[in-house]
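# Coordinates in review
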Amino acid sequence: MNEPENTGFSRRQFLGASLAVGTTAAAGGMGIGMYSQAVQADKKEAQSPHVPPGELDEYYGFWSGGQSGEVRIVGVPSMRLLMSIPVFNRDSGTGWGLTNESKRILGDSLKWQNGDTHHIHMSYTAGKYDGRYLFVNDKANTRVARIRCDVMKTDKITIIPNVSCIHGLRLQKAPKTGYVFANGEMIIPQPNDGRDLDKPENYWTLFSALNAETMEVAWQVIVDGNLDNVDTDYTGRFAFSTCYNSERGVVLADMMRAERDWVVVFDIPRIEAAIKEGKATTIGESKVPVLDGRAKAAMNITAYIPIPKNPHGCNTSPDGKYVMANGKLSPTVSVIEIAKLADLMDGKLKDPRETVIAEPELGLGPLHTTFDGRGNAYTSLFLDSQVVKWGIEDSIKAYRGEKVNYIRQKIDIHYQIGHLKATMAESSGADGKWLVALCKFSKDRFLNVGPLRAENDQLIDISGDEMKLVHDGPTIPEPHDCIMVHRDIVKPLRVWKRDDPYFAETVALAKKDGVTLESESKVIREGNQVRVYMTSMAPVFGLTEFKVKKGDEVTVTITNLDTVEDLAHGFVLVNHGICMEVSPQMTSSVTFIADRPGVHWYYCVWFCHALHMEMSGRMLVEA
Ligand code: K7E
Ligand code: CUA
Ligand code: CA
């Protein structure tokens, strides 16, 4: 076993008073590994991230795409980008935001073209990833989206009422994912209808629970302070949220005034019971039941545990015993013992701080923590640009006064790390093989591509005693978080099923027109509405031409008859701003106005055949 020295403490003293403003003042400036800590090299060679040609990665990585608004699928350990899934953004190739199918899913979201995905999580059954859904938040436009893992398409998007910015997002882990929990970050007047603009003392935010199946907001709880990140226990009873703005300030200086903010504990069964008992109200025009979880309401559905200082990440250990609140402006991570929370809720503890059973000093700017399933935690240090590995049980002993060193190793990363994640770490199946460090700055690690740079997702082998950096992976700004799920759990389809709900409504419309999509190509006119149905099979569309009149509203519906895996077609209508994906056995449709007379070619945009260039046709528009 390695015996590194714990230098975290002296470094903190050295930087002294600047700590409180460190995170904001020093972003990009400090912490490029001046304090790297050597560990005795362990004899085990690093695992190779190289996946030879023709072989497959062991893990599916799901990356939030940050302000790109999308989600990405990355193979781990090769770190090869496999696919991007449009969610809150618009997508040129698949036609996300253009096709009728995507418009139905986007619904009221169609008016917004951007998103900011931070936290992505997979549905659980009994604490284990179950491969059904992914859920992701949109901080920018206060939404939550669901992705179906069988086809890797977004299938639901919900705009959350009464809050501004959804930041933290986590799922109930047991018995299976019933609720999706979503943190409202910014505080606003309630209702936010123009009242109290200059009265921040009347600003509040809420914790939201969505039904994972219907994606409707089931209930909300109004809280003191604000809400940053969230995690849940492994029994289904509790959710925990960090709060950095207990002061309810509206400018930075106010948000840093208190030495401690808190973690809010939500008692889910008690919340459900209180709603059943009719204790909920509503806010403004929203019909969502709202409970008052502020301390002064004394409804006994929440509890507030003081935590230093402006805490950020919130991470439950895979054994279900602890939840870690990462100190950010404090060099500590606070370890809360989940077994003590029942007593806390029952008022049996004198002081909520009794639930904190360790508070290891780890380094500067601790943001997030992940786990290897072997009793070790790994915390990202934004300011130090390091990952620190530490022993959970040893940190508890040290808190009790025993003389133990809980720091196992610190490794420099490049640079300014936000989230970090180990394989399978947010499930009871944590397997401690790989860790990804999502670095906000790449600086000199890649070719200069101008003032806007890639970020750097670094792959670290954590399978041995010693962490070993093995790969730099550039990513387009800016993923915040990722999860890595063993490939045996995720089972996507190879071709679409004809009865898929994704295009069921389009299929129903065709049926009303008496069209059998799987075999027919025809044009149906109803007034100035023209519905063009055609098949596609490499290398031909079912129609090589169709005729409409200027001003017609045209709907083109294409069904890909090919059953060959990977044989996608696409439909582009030249100079009409239209492109859509039609994967094997998929039906896609798009509606537009034929506003210019003339000959307008359409063509297939996926290279599908030796005669792919010839896969085209003409829309003839009469004056
Ligand atoms: Cu730390 Cu939004 Cu998860 Cu960014 S959050 S890093
Ligand atoms: Cu069909 Cu190219
Ligand atoms: Ca604060």
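Residues numbered from 1 in each chain as written. Chains lettered and ligands numbered in written order. Predicted model: local features only at pLDDT ≥ 70, side-chain atom pairs only at ≥ 80, totals over all residues. Heavy atoms only, no water.

Among the residues making up helix H5 (residues 268-276), those that are buried are Ile-268, Ile-271 and Ala-274. One side of H5 holds all its buried residues, which, seen down the axis, span an arc of 125°. Where H5 is buried, its residues meet strand S9 (179-186), strand S12 (217-223), strand S14 (238-243), strand S15 (260-267) and strand S16 (290-292). At the C-terminal side of H5, Gly-278 shows a positive phi close to 80°. (Buried < 20%, exposed > 50% of the residue type's maximum accessible area, 1.4 Å probe, protein only. Helix = DSSP H or I, 4+ residues; strand = E, 2+ residues; numbered from the N terminus. Arc of directions from axis to C-beta. Contact = heavy atoms within 4.5 Å.)

All right, on to the site of ligand 1 then. With respect to spatial proximity, the complete set of residues near ligand 1 consists of His-118, His-119, His-167, Asn-229, His-312, His-368, Gly-418, His-419, Lys-440 and His-480. The class makeup of the residues in the shell around ligand 1 is no nonpolar, nine polar and one charged. (Near = heavy atom within 4 Å. Nonpolar A, V, L, I, M, F, W, Y, C, P; charged D, E, K, R; others polar.)

So, on to the sheet that holds S14. An order of S13-S14-S15-S17 is seen for the four strands of this open sheet, with the pairing classed as antiparallel. Each edge of the open sheet is held by one strand with a lone partner, namely strand S13 (230-232) and strand S17 (302-308). If you compare each strand with its neighbour and ignore which way they point, the axes differ by 25° on average. Here S15 pairs with S17 via seven bridges, running antiparallel. Bridging from a neighbouring strand, Trp-262 pairs with Pro-306 of S17. Against the sheet, H5 contacts S14 and S15, and its axis sits at roughly 65° relative to S15. (Pairing = 2+ DSSP bridges. Axes fitted to C-alpha atoms, helices over the stretch in contact; angles between N-to-C directions.)

Right, let's talk about the packing of aromatic side chains for a bit. For the coordinates displayed, the defined rule picks out 17 aromatic pairs. Note on Phe-541 and Tyr-602: the rings are 5.5 Å apart at their centroids and 70° apart in plane angle, and the pair reads as edge-to-face. Of this pair, Phe-541 sits in strand S33 (residues 540-541) while Tyr-602 sits in strand S39 (residues 598-603); the two residues are 61 residues apart in sequence, bridging distant segments of the chain. Classification of Phe-541 by relative accessible area gives buried; the value is 5%. Ring centres 5.6 Å apart and planes at 25° place the aromatic pair Phe-546 and Tyr-602 in the stacked group. Of the two residues, Phe-546 is situated in strand S34 (residues 545-549) and Tyr-602 in strand S39; the sequence distance between them amounts to 56 residues. Each member of the pair, Phe-546 as well as Tyr-602, carries the same accessibility label: buried. Among the aromatic residues, ring-to-ring pairing joins Tyr-179, Phe-181, Phe-207, Trp-219 and Phe-266 into one connected group. Over the ring of Tyr-133 we find Arg-146; its NZ or CZ atom is 4.1 Å from the centre of that ring. A cation sits over an aromatic face here: Lys-443 above Tyr-415, 5.3 Å from the ring centre. (Phe/Tyr/Trp six-rings, centres within 6.5 Å; stacked < 30°, edge-to-face > 60°. Lys NZ or Arg CZ within 6 Å of the ring centre and 35° of its normal.)

Spatially, four strands are ordered S26-S27-S28-S29 in an open sheet, and the strand pairing comes out antiparallel. The open sheet has two edge strands with one neighbour each: strand S26 (417-422) and strand S29 (468-475). Pairwise comparison of adjacent strand axes, ignoring direction, gives a mean angle of 20° for this sheet. With four bridges joining them, S26 and strand S27 (residues 434-439) adopt antiparallel strand pairing. What sits directly across from Lys-421, in S27, is Val-436.

All right, on to the coordination of the calcium ion (ligand 3) then. Each protein donor to the calcium ion (ligand 3) is listed here as Tyr-244 (O), Glu-247 (OE), Glu-247 (OE), Met-255 (O), Asp-261 (OD), Asp-261 (OD) and Asn-310 (OD1); together their distances run 2.3 to 2.7 Å. Mapped onto the sequence, the donors of the calcium ion (ligand 3) take the spacing Y-x2-E-x7-M-x5-D-x48-N. Placement of Glu-247 in the loop between S14 and helix H4 (252-255) and of Asn-310 in the loop between S17 and strand S18 (314-316) is noted, with a sequence separation of 63 residues between them. In this structure Glu-247 comes out as partly exposed when scored by relative accessible area, which is 23%. (Donors = N, O, S within 2.8 Å, 3.2 Å for Na, K, Ca; no water.)

Bringing the confidence of the model for the chain into the picture now. Summary statistics for the chain give a mean pLDDT of 94 and a share of 93% for residues scoring 70 or more. Under a pLDDT of 50 for its full length, residues 1-38 has, in the predicted model, 69 contacts with residues more than four places off or in other chains. (pLDDT = per-residue confidence, 0-100.)

In the segment running from Val-76 into Pro-77, the intervening peptide bond is cis, with an omega of 20°. Structurally, Pro-77 can be placed in the loop between strand S2 (71-76) and strand S3 (80-85). Here the residue pair Ala-174 and Pro-175 is connected by a cis peptide bond, since its omega of -10° sits within 30 degrees of zero. The phi torsion at Ala-298 lies on the positive side, around 45°, for a residue other than glycine. Position of Ala-298 relative to the elements: it lies in the loop between S16 and S17. Judged by relative accessible area, Ala-298 falls into the exposed class, the value being 64%. One non-glycine residue, Lys-328, lies in the positive phi region at around 55°. Residue placement: Lys-328 occurs in the loop between strand S19 (322-326) and strand S20 (333-337).

What follows is about the nonpolar core. Counting 85 residues, the largest nonpolar core has Phe-62, Met-534, Phe-546, Val-556 and Phe-571 as its most contacted members. The greatest single-element share of this core, amounting to five residues, is contributed by strand S5 (residues 128-138). Residues in contact with Phe-571, not counting those within four places in the same chain, are Met-534, Phe-541, Val-556, Ile-558, Ile-578, Cys-579, Met-580, Tyr-602, Tyr-603 and Val-605. Judged by nonpolar contacts, the second largest core, of 20 residues, contains Trp-219, Val-223, Cys-243 and Trp-262. (Core = buried A, V, L, I, M, F, W, Y, C linked by side-chain atoms within 4.5 Å.)

Moving on to helix H7 (residues 392-399). For H7, the set of buried residues is Ile-392, Asp-394, Ser-395 and Ile-396. Just downstream of H7, Gly-401 is the residue with a positive phi angle, here 110°.

For the rest of this paragraph, the subject is the pairing of strand S11 (residues 203-211). Most of S11 sits inside the fold, with eight of its nine residues counted as buried. Both S9 and S11 contribute to a ladder of five bridges, which runs antiparallel. Each bridged residue has a counterpart across the sheet, and for Tyr-179 the counterpart in S11 is Asn-211. Here strand S10 (residues 188-189) pairs with S11 via two bridges, running antiparallel. Counterpart to Ile-188 in the pairing with S11 is Trp-204. Here S11 pairs with S12 via six bridges, running antiparallel. For Leu-206, the partnering residue across the bridge sits in S12 and is Ile-222. Between S11 and the antiparallel strand that follows it, S12, lie five residues; Met-215 among them carries a positive phi value of about 65°.

On to the pattern of salt bridges. Once the charged atoms of two side chains with opposite charge are near each other, the side chains can pair. Taken as a whole and judged by the stated rule, the model has 41 salt bridges. In this structure, the salt-bridge partner of Lys-421 is Asp-481, at a minimum N-O distance of 2.8 Å. In this pair, Lys-421 is assigned in strand S26 and Asp-481 in the loop between S29 and strand S30 (482-486), connecting sequence segments 60 residues apart. The same class applies to Lys-421 as to Asp-481, namely buried. (Salt bridge = Lys/Arg side-chain N within 4 Å of Asp/Glu carboxyl O.)

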